[in-house]
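Tertiary structure, described
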Amino acid sequence: MTTSTERRTATSQEQAPEVASEGADPAPPGAPVRSGGFGGLGRHLRTVGSRAHWTTPRLVRGLTALSLATLLGLGATATVVLAGARDGTDAIGHRAAPQATRAADLYFALSDMDAQAADLLLVGADPDYTTLRKQTLDTYEQRRAQADDDLQQVARAAADDPAGQRAVRLVLDRLGSYEALVARAQLLEDQAGAPAGQPSPAALEAYRQATDLLRQQLLPAADRVTVANDASVGRVYQQQRDALGSGRWWLLAVGLVTLSVLLGLQRALALRFRRVVNPALAAVTLLTGVALVIGLNLTGRAEDHLVTAKSNAYDSVAALSRARAVAFDMNADESRYLIDPTRAAAYEQTFVEQTQAIARIEGATLADYNTRLADDAARHRADHAVIPFGGYLGSELHNITFPGERDAAEHVLDTFQQYQLTDRKIRELRAAGKVKEAVTLDTGLSKGQSNYDFEQLGNAIGDTIAINSGAMDRAVAETDGDLDGTTAALAAGALAVALALTAIGVRPRLREYR
């Protein structure tokens, strides 16, 4: 028989509300029960946001998960930023810059081929030039082999550039025709046995066709490849600088968030467990701070190396390579001026244009160029900050960066002045009707003769290019060294240690709640 006390107990148990789960807000009396929907979402958010929900185990687990996530995020951010930095410097130093230099070398080789062909017509069958003729033929063959090699390299480099491919195909298609015309001119000259400076009309006509083909089609096509490669270098450089700039801020932001979360976890442990220091988490925090500083330092070094490789070194290499290419075409115009009186005025004008391309003096003519260049050079030597002329040489003097570069660049200026002085003597001899003397001065390899002076100019340009190329190679090598596989392995190891120490530091505290 059931007593009244037992019935009241059963009734109260049936009417008692269901015990709420840990941290749940009790429902108000009479409130309708809702399952799901925005009401359920809001109630869940209020529950999570309440102080009662965040018991010590939940708080520690949540901060631990957030710490692990931010550590992984920091590692991923550093990987993306530093890998991008290495790829950018690699793209410029190992691919784009060598391709651009190779394209400029193609222009130079083609120009010098034509200069040697012109000199062969100049010396003719005169026995006084037998040795010089052999040397000229040898140089022509060397330049032809160099042009073939450059063309193959440029063709591979232009595989992903439609405009570059079209330019390369044009050179490939027409170079054989040019070489055939030069060979025909040489054959006709040999058959005619013409004296120095007076090629036979048939040989001269064949050479005209050859040089027109070179100047109107081959050289412009080679120049388009050079311009396209220069643009590619500039595009890669700007993209990588922008990426490094934003990447540095992302790395700093993620690193600071990670440190804040780690400090928050340690504070929670100190307050909830009355522990002043958690050694494992303190080690993780220190390791993270050190890794952040190293990552920011590597990013800064990568940007410095990128600037050195592109702005300081490559820009000078590009300007000087183009100066050398133009100089060889200019030297060919000097010989063309002597062998073809009908076109002498046109060749003289292009000589002036190419002279201005190397060291531009506004408004200067052939008659007053040397005087004005001497005045400008004297002003520059008196004050290196003053660079009164433009052109490729002016660009280089504005970009002096490395030890020995200024002396090398000013030696280019010295040899350029000397070459120009000798050129005017050649023109004076030609105007006076002293053709053989003009030919000897133009083609001679002894000191004081034009080809000797031009060789000094070419060597001076090459020495200055070498200084900048060496600096560019060192900048790329330093970036490779900073961001090599060893660095990646150390970074991965540091991340693994940080993750493990975080788990080790928290685990004993969570065990207390089991």
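Just so it is clear, the model here is predicted, and its values are computed rather than measured.

Quick look at the packing of helix α11 (residues 405–431) against helix α12 (residues 435–443)
Here α11 crosses α12 at 165°, and the two axes come no closer than 8 Å. If you check the angle between α11 and α12, you find them roughly antiparallel. Relative to α12, the crossing made by α11 is left-handed. The segment α11 lies against α12, with Thr422, Lys425, Ile426, Leu429 and Arg430 engaging Val435, Glu437, Ala438, Leu441 and Asp442.

Digging into the packing of aromatic side chains
The relation between two aromatic rings is expressed through the spacing of the ring centres and the mutual angle of the planes. Tallied over the full model, the rule gives 3 aromatic pairs. Measuring from centroid to centroid gives 4.5 Å for phenylalanine 108 and phenylalanine 328, while their planes differ by 70°, and the two rings are edge-to-face. Here the residue phenylalanine 108 occupies a position in helix α3 (residues 56–123), and phenylalanine 328 occupies one in helix α7 (residues 279–339), the gap between them amounting to 220 residues. Of the two residues, phenylalanine 108 and phenylalanine 328, neither departs from the other in class, the shared state being buried. Three or more aromatic residues link up through ring pairs in this structure, and these residues are Phe108, Phe328, Tyr419 and Phe454. In this structure, lysine 310 packs its charged tip against the face of tyrosine 237, placed 5.1 Å from the ring centre. Over the ring of phenylalanine 108 we find arginine 324; its NZ or CZ atom is 4.9 Å from the centre of that ring.

What to know about the nonpolar core
The biggest cluster of nonpolar side chains holds 82 residues, and the ones touching the most others in it are Leu110, Tyr178, Phe389 and Phe416. In contact with phenylalanine 416, not counting residues within four places along its chain, are Met330, Thr355, Ile358, Ala359, Tyr369, Leu373 and Leu457. In this structure, Ala100, Val233, Leu298 and Leu483 belong to the second largest nonpolar core, which totals 24 residues.

What counts, and where the lines are drawn
Residues numbered from 1 in each chain as written. Predicted model: local features only at pLDDT ≥ 70, side-chain atom pairs only at ≥ 80, totals over all residues. Heavy atoms only, no water. Axes fitted to C-alpha atoms, helices over the stretch in contact; angles between N-to-C directions. Helix = DSSP H or I, 4+ residues; strand = E, 2+ residues; numbered from the N terminus. Parallel < 35°, antiparallel > 145°, perpendicular 65-115°, else oblique. Left-handed = near helix turned anticlockwise from the far one by under 90°. Contact = heavy atoms within 4.5 Å. Phe/Tyr/Trp six-rings, centres within 6.5 Å; stacked < 30°, edge-to-face > 60°. Buried < 20%, exposed > 50% of the residue type's maximum accessible area, 1.4 Å probe, protein only. Lys NZ or Arg CZ within 6 Å of the ring centre and 35° of its normal. Core = buried A, V, L, I, M, F, W, Y, C linked by side-chain atoms within 4.5 Å.

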